[in-house]
Amino acid sequence: MNRGERKMKAAVILNPNAGNKKLVNEIDFICDRLNTAFETVTLYKTEQPGDGADLVRKLEGKADVIIGAGGDGTIYELINALAPLKQRPVFAILPGGTCNDFSRAIGMNQNPLKAVEQIIEKQTEAVDVGKHGEDYFLNFWGIGLVADVSENILEENKEKFGKLSYYMSVGRTLNQAEPFQLKMTSEKASYEGEAVMVLIGNGPFLGGTRAMLGNSSFQDGLLDVFVIKEMGIEPVMAWLQTSPDEEQLNPDSNLMHFRAKEVHIETTPEKTVDCDGEKETTTPSTITVLHNHINMIVGNR
């Protein structure tokens, strides 16, 4: 830190139950390291869902940096409290869950003891945030197959196999995909007909890997939209092999891929929305992107 540079006040919001609870054992050392770079470091431990969001709202204007220590569910809760604030603090992530998707996207080391060293460097960048209704997301919005896969993850597999449990669920769910009627409109493309999945990405990681969202950028002011119309090897392989800049708008193809700023989705029947692994809403939905909405501490990308 340069002489005369203002030290910042940091708040660490820890979910002690996240992942394998490893963060709990390391948090004292982590806070000691943070104290070398911040004027003050205050640790808060959540006890139940909603505690983290309440803390974020109470810390508005009082903390310069909020550090979320936990998994994807913890980060989702904190972002949904932080994104609507008028005075948004810088946000940082100490990964402590199973997949830690957005922490991977911004280049954070998955070892919390190494990630804290990245946070100390205070390298910040503005990132996009997705929004649907009154909810926000960093990684993805999805319906159909992607939501079913998440729903079918066995808790015992998650604890035993970590992010591999996501792909075990994919194997169990593929043949069970049921089509639904989709009406989708955007400034770039529209579609009306059957589909088995709609996946809208802001970040490039899903289930701890880039395979499904490719190189979706969280800094381009656009959402990556994928539609699989029917389940089969051909559309799945086309999806996984989609190059970063390749859009697919052929109406005869089983796969659609395009980028847009806003997408409106209607379905019959009503579908459960999976948003960064959390299922709290249903269709219809209007999904938008808030460009450069939050400043985050990033690692090596």
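Each residue is numbered by its place in its chain's sequence as written, counting from 1. Two thresholds apply to this predicted model, a pLDDT of at least 70 for residue-level local features and 80 or more for giving and counting side-chain atom pairs, whereas whole-chain, interface and lining totals are computed over all residues. Only hydrogens and water are set aside when side-chain values are computed; all heavy atoms of the structure are taken into account.

A.B. asks: So what about the packing of helix α1 (residues 22-34) against helix α5 (residues 112-121)? Which residues, and what values?
C.D. replies: Relative to each other, α1 and α5 sit at 25°, their axes nearing to 10 Å. As far as their axial angle goes, α5 and α1 are roughly parallel. Relative to α5, the crossing made by α1 is right-handed. Contact residues: α1 offers Leu 23, Glu 26, Phe 29, Ile 30, Arg 33 and Leu 34, while α5 offers Pro 112, Leu 113, Val 116, Glu 117, Ile 119 and Ile 120. Here the term charged refers only to Asp, Glu, Lys and Arg, the term nonpolar to Ala, Val, Leu, Ile, Met, Phe, Trp, Tyr, Cys and Pro, and the term polar to all other amino acids, Gly among them. Considered class by class, the residues forming the contact of α1 with α5 number nine nonpolar, no polar and three charged. In this analysis, axes come from line fits to C-alpha atoms, helices being fitted only over the stretch in contact, and the angle between any two N-to-C directions falls in the range 0 to 180 degrees. Under the scheme used here, helices are H or I runs from DSSP no shorter than 4 residues and strands are E runs no shorter than 2 residues, and both carry numbers assigned from the N terminus. Any angle from 65 to 115 degrees is called roughly perpendicular, while one under 35 is roughly parallel, one over 145 is roughly antiparallel, and all others are oblique. Here a crossing is taken to be left-handed if its near helix is turned anticlockwise relative to the far helix by less than a right angle, and right-handed if that turn runs clockwise. The contact criterion used is simple: two residues touch if any of their non-hydrogen atoms lie within 4.5 Å.

A.B. asks: Describe the packing of aromatic side chains, and please don't skip the residues or the numbers.
C.D. replies: Pairing of aromatic side chains here covers Phe, Tyr and the six-membered ring of Trp, requires ring centres within 6.5 Å, and sorts the geometry by plane angle: under 30 degrees stacked, over 60 edge-to-face, intermediate tilted. Tallied over the full model, the rule gives one aromatic pair. A cation over an aromatic ring shows up here: Lys 122 above the ring of Phe 38, its NZ or CZ 4.7 Å from the ring centre. Should the NZ of a Lys or the CZ of an Arg lie within 6 Å of a ring centre and within 35 degrees of the ring normal, that charge is described as sitting over the ring.

A.B. asks: Explain helix α3 (residues 72-82) to me, and be specific about the residues and the numbers.
C.D. replies: Because each turn of an α-helix spans 3.6 residues, side chains separated by three or four positions in sequence point in the same direction. Burial classes follow relative accessibility: with a 1.4 Å probe on protein chains only, a residue under 20% of its type's maximum area counts as buried, one over 50% as exposed, and anything between as partly exposed. Summarising burial for α3: nine of the eleven residues are buried, a large majority. Where α3 is concerned, the buried positions are Asp 72, Thr 74, Ile 75, Tyr 76, Leu 78, Ile 79, Asn 80, Ala 81 and Leu 82.

A.B. asks: I'd like a rundown of the pattern of salt bridges, residues and numbers included.
C.D. replies: A pair is scored as a salt bridge if a Lys or Arg side-chain nitrogen falls within 4 Å of a carboxyl oxygen belonging to Asp or Glu. Applying the stated criterion across every chain, the model contains five salt bridges. Residue Arg 57 is joined to Asp 54 by a salt bridge in which the shortest nitrogen-to-oxygen separation is 2.9 Å. Of this pair, Arg 57 and Asp 54 are both found in helix α2 (residues 51-58), three residues apart, which corresponds to roughly one turn of the helix. The partly exposed category is assigned to Arg 57, whose relative accessible area is 45%. Residue Glu 247 is joined to Lys 188 by a salt bridge in which the shortest nitrogen-to-oxygen separation is 2.5 Å. Pair noted here: Glu 247 is in the loop between α9 (233-240) and β12 (255-260) and Lys 188 is in the loop between β8 (180-186) and β9 (191-195), with a separation of 59 residues, a long-range link.

Shape descriptors only; they carry no functional weight alone.
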